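Residue strings, one per chain:
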Amino acid sequence: MEITKRLLFLDDIRYPVEAYHYTKQDIFLRKDWHIVRNYEQFVNRIVEKGLPEMISFDHDLADIHYLKPNSDEYKEKTGYDCAKWLIEYCMDNFLDVPKFYCHSMNPVGKKNILSLLENYKNL
């Protein structure tokens, strides 16, 4: 029987232990992280397993963001899109947003994700 992993790590390339190296947050040393690499995996995991104890967000989930940021091909969703979906999901299901962290190295993306979630939490 699979033990449900209660921590959700959203990042297209990194693993939690790698986030520990630059954040120095001990939570990234825990073994019960479930890793999702994109928006679809993020949504599916929460719909199937429910809200985790905590979510750590990356902002940039694909290189395409750097390649064509203003073109019509800019369709890959970011960690910010995942945070927006999470808020909608929590509102629709009358749930509190779980604990969250943003381990993104994109300072603007990180600020946007944290501001969005903090603002919702403080409503």
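Going by the structure above, here's the rest.
Parameters and conventions
- Residues numbered from 1 in each chain as written.
- Predicted model: local features only at pLDDT ≥ 70, side-chain atom pairs only at ≥ 80, totals over all residues.
- Heavy atoms only, no water.
- Helix = DSSP H or I, 4+ residues; strand = E, 2+ residues; numbered from the N terminus.
- Buried < 20%, exposed > 50% of the residue type's maximum accessible area, 1.4 Å probe, protein only.
- Contact = heavy atoms within 4.5 Å.
- Areas by Shrake-Rupley, 256 points an atom, 1.4 Å probe, with all protein chains shown as cover.
- Core = buried A, V, L, I, M, F, W, Y, C linked by side-chain atoms within 4.5 Å.
- 1 Å grid on protein atoms, 1.4 Å probe; cavity = no way out; pocket = protein on both sides within 12 Å on 5 of 7 lines; lining within 4 Å.
- Points joined across faces, edges and corners; volume = space filled by probe spheres on them.
- Nonpolar A, V, L, I, M, F, W, Y, C, P; charged D, E, K, R; others polar.

**Q** What is the right way to read the overall build of the protein chain from this model?
**A** What the protein chain contains, in helices and strands, is 5 helices and 4 strands. Ordering the α and β elements of the protein chain from the N terminus gives β-α-β-α-β-α-α-β-α. Across the 123 residues that make up the protein chain, the buried fraction comes to 39%. Considering only residue pairs separated by 6 or more positions, the protein chain has 68% of its internal contacts joining residues 24 or more positions apart. Counting every atom, the protein chain has about 7,500 Å² of accessible surface; 53% of that belongs to carbon and sulfur.

**Q** Would you mind showing me how to read the nonpolar core here?
**A** Most often, soluble globular proteins keep nonpolar side chains buried together rather than apart. With 24 residues, the main nonpolar core has Phe42, Ile46, Phe57, Trp85, Leu86 and Leu117 as its most contacted residues. When residues of this core are traced back to their parent elements, those giving at least two are β1 (7-10), α2 (39-49), β3 (54-57), α4 (79-92), β4 (99-102) and α5 (107-121). Residue contributions to this core peak at 7 residues, all from α4. When neighbours within four sequence positions are excluded, Leu86 is seen to be in contact with Phe42, Ile46, Leu51, Ile55, Phe57, Val97, Pro98 and Leu117. Of all hydrophobic cores here, the second largest spans 6 residues; its members include Leu7, Phe9, Phe28 and Met54.

**Q** Got a minute to help me understand empty space enclosed by the protein in this structure?
**A** Any empty space left between the atoms is revealed when a probe the size of a water molecule rolls over them. Scanning all chains against the criterion turns up 1 cavity of 30 Å³ or more. In this structure, the largest cavity encloses a volume near 50 Å³. Lining the largest cavity are Lys5, Arg6, Leu7, Leu8, Arg45, Lys49, Gly50, Leu51 and Pro52. Going through the elements one at a time, β1 and α2 are the ones with two or more residues in the lining of the largest cavity. Grouping the amino acids of the lining of the largest cavity by side-chain chemistry returns 4 nonpolar, 1 polar and 4 charged.

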